[in-house]
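# Descriptive structure summary
Residues per chain, in single letters:
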Amino acid sequence: MDDFGAALADPKTYADRKRYHALLTTLRHEDPLHRATPEGFRPFWVATKHADITEIGRQPDVFLSGPRLELFSIDQEERVKASTGRDAAVGRTMLHMDGREHRSYRGITQSWFLPTNMRRLEQQMEDFAREYVDKLAAVGGEADFVPVVSELFPLNVILLILGLPPSEAPHLLQLTRDFVARENVPIPEGSTRGDQIVKVAQAFFDYFAPVFEERRKHPQNDVASVIALGQHEGKPIDRL
């Protein structure tokens with residue numbers, strides 16, 4: 001039995017940072033390119049050395065993301081395919097793309113991030129920064145940085161770039177929490193873990209679908225509009 005692979009396939013491992021780092025340290029010294037074969041999963045490779053990871057990043061045409069992004073059990077993979085018709089739990093994202101396709105989609109928003117647009121948003125970003133520094137100062141002495149600053153400050157900046165109001169931040173934060181913790185979300189009676197993963201991930205796409213359609217009809221000077229009006233190989237992109 002592959003104990004390393006079983007541990008890496010177990011979500012509980014990542015909640016125990018001491019155990020997780022000890023596991024990777026052992027692999028780095030004893031088997032830096034480990035072929036994991038946990039029961040119930042298709043085999044996968046585990047690269048733990050910086051030099052190897054860097055080299056993998058330099059060869060995107062060899063080491064592909066698209067065919068297998070999420071680490072699902074064989075049972076979860078079958079249920080995801082049955083629910084979505086895809087290998088991924090939700091519609092395809094840039095993380096599921098490789099090669100020319102990835103470069104094409106990445107380039108859609110690239111031109112928007114020019115100094116002109118950044119200067120236009122600079123004052124609003126400064127206002128956000130002051131607001132959150134003031135929140136941190138108001139706590140006095142000692143504070144939990146995550147809920148006070150790091151959860152909502154970057155999210156509000158992202159909403160600003162997308163052209164969405166700050167009032168949407170709490171809802172999107174909850175969607176993010178559900179997605180990150182999807183392995184720990186209670187499973188309703190009659191459902192399976194694979195069904196729940198699809199449901200939680202799909203909620204993101206359901207949220208942005210009306211934004212996508214609205215920006216196609218009424219574009220604005222924001223990244224949401226750039227995406228909605230973007231083209232791939234001369235054709236309008238769809239919601240994937």
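Residues numbered from 1 in each chain as written. Predicted model: local features only at pLDDT ≥ 70, side-chain atom pairs only at ≥ 80, totals over all residues. Heavy atoms only, no water.

What follows covers unusual backbone geometry. Unusually for a residue other than glycine, Glu-233 sits at a positive phi of about 55 degrees. Residue placement: Glu-233 occurs in the loop between strand 3 (231-232) and strand 4 (235-236). We classify Glu-233 as exposed; its relative accessible area is 55%. (Helix = DSSP H or I, 4+ residues; strand = E, 2+ residues; numbered from the N terminus. Buried < 20%, exposed > 50% of the residue type's maximum accessible area, 1.4 Å probe, protein only.)

The next thing to look at is the pattern of salt bridges. In total, this model carries 9 salt bridges according to the counting rule given. A salt bridge links Arg-42 to Glu-77; its shortest N-O distance comes to 3.0 Å. With Arg-42 in the loop between strand 1 (33-36) and strand 2 (44-47) and Glu-77 in helix 4 (residues 74-84), this residue pair connects regions lying 35 residues apart in the sequence. Given a relative accessible area of 12%, Glu-77 falls into the buried group. In this structure, a network of salt bridges that share partners links the residues Glu-126, Asp-127 and Arg-130. (Salt bridge = Lys/Arg side-chain N within 4 Å of Asp/Glu carboxyl O.)

Across all of its chains, the model carries 4 aromatic pairs by this definition. Measuring from centroid to centroid gives 5.1 Å for Trp-112 and Phe-113, while their planes differ by 80 degrees, and the two rings are edge-to-face. (Phe/Tyr/Trp six-rings, centres within 6.5 Å; stacked < 30°, edge-to-face > 60°.)

Below, the discussion takes up the nonpolar core. Generally speaking, nonpolar side chains in soluble globular proteins are found buried as a group. With 18 residues, the main nonpolar core has Ile-161, Leu-164 and Leu-172 as its most contacted residues. Where this core is concerned, the elements lending two or more residues are helix 6 (115-139), helix 8 (152-162), helix 9 (169-180), helix 10 (193-217) and helix 11 (223-228). In terms of residue count, helix 8 provides more of this core than any other element does, 6 residues in total. Discounting chain neighbours no more than four positions away, the residues touching Leu-172 are Leu-155, Leu-159, Phe-204, Tyr-207 and Phe-208. In this structure, Leu-23, Leu-24, Leu-27 and Phe-44 belong to the second largest nonpolar core, which totals 8 residues. (Core = buried A, V, L, I, M, F, W, Y, C linked by side-chain atoms within 4.5 Å. Contact = heavy atoms within 4.5 Å.)

As a packed pair, helix 6 and helix 8 sit with axes 10 Å apart at the nearest point and diverge in direction by 160 degrees. Here helix 8 runs roughly antiparallel to helix 6, going by the angle between their axes. Crossing of helix 6 over helix 8 shows right-handed handedness. Where helix 6 abuts helix 8, its residues Leu-121, Gln-124, Met-125, Phe-128, Ala-129 and Tyr-132 lie against Leu-152, Phe-153, Asn-156, Val-157, Leu-160 and Ile-161. (Axes fitted to C-alpha atoms, helices over the stretch in contact; angles between N-to-C directions. Parallel < 35°, antiparallel > 145°, perpendicular 65-115°, else oblique. Left-handed = near helix turned anticlockwise from the far one by under 90°.)

This part is about the confidence of the model for the chain. Across the chain, the average pLDDT comes to 86, with 90% of residues at 70 or higher. Here helix 4 stands out as the element of the chain with the lowest mean pLDDT, 77, in contrast to strand 1, whose mean of 95 is the highest. (pLDDT = per-residue confidence, 0-100.)

In this section: the pairing of strand 2. Only one face of strand 2 is buried, namely the one carrying Phe-44 and Val-46, since none of Trp-45 and Ala-47 on the opposite face is buried. Sheet topology places strand 1 next to strand 2; 4 bridges connect them, and they run antiparallel. Following the sheet pairing, Ala-36 is matched in strand 2 by Phe-44. (Pairing = 2+ DSSP bridges.)

Turning to helix 5 (residues 99-110), a few remarks are in order. Between the first and last C-alpha of helix 5 there are 17 Å, a value that for 12 residues agrees with the 16 Å anticipated at 1.5 Å per step. Within helix 5, burial applies to Gly-99, Tyr-105, Ile-108 and Thr-109. Those residues of helix 5 that are buried lie in contact with helix 11 and strand 3. (Expected span 1.5 Å × (residues − 1).)

Here we take up helix 8. Buried residues of helix 8: Leu-155, Asn-156, Val-157, Leu-159, Leu-160, Ile-161 and Leu-162, and no others. Phi turns positive one or two residues past the end of helix 8, at Gly-163, with a value near 90 degrees.

Helix 9 packs onto helix 8 with a crossing angle of 115 degrees between their chain directions and a minimal axis gap of 10 Å. Between helix 8 and helix 9, the crossing angle belongs to the class labelled roughly perpendicular. Taken as a pair, helix 8 and helix 9 cross one another with a handedness that is right-handed. Residue-level contacts link Leu-152, Leu-155, Asn-156 and Leu-159 of helix 8 to Ala-169, Leu-172 and Leu-173 of helix 9.

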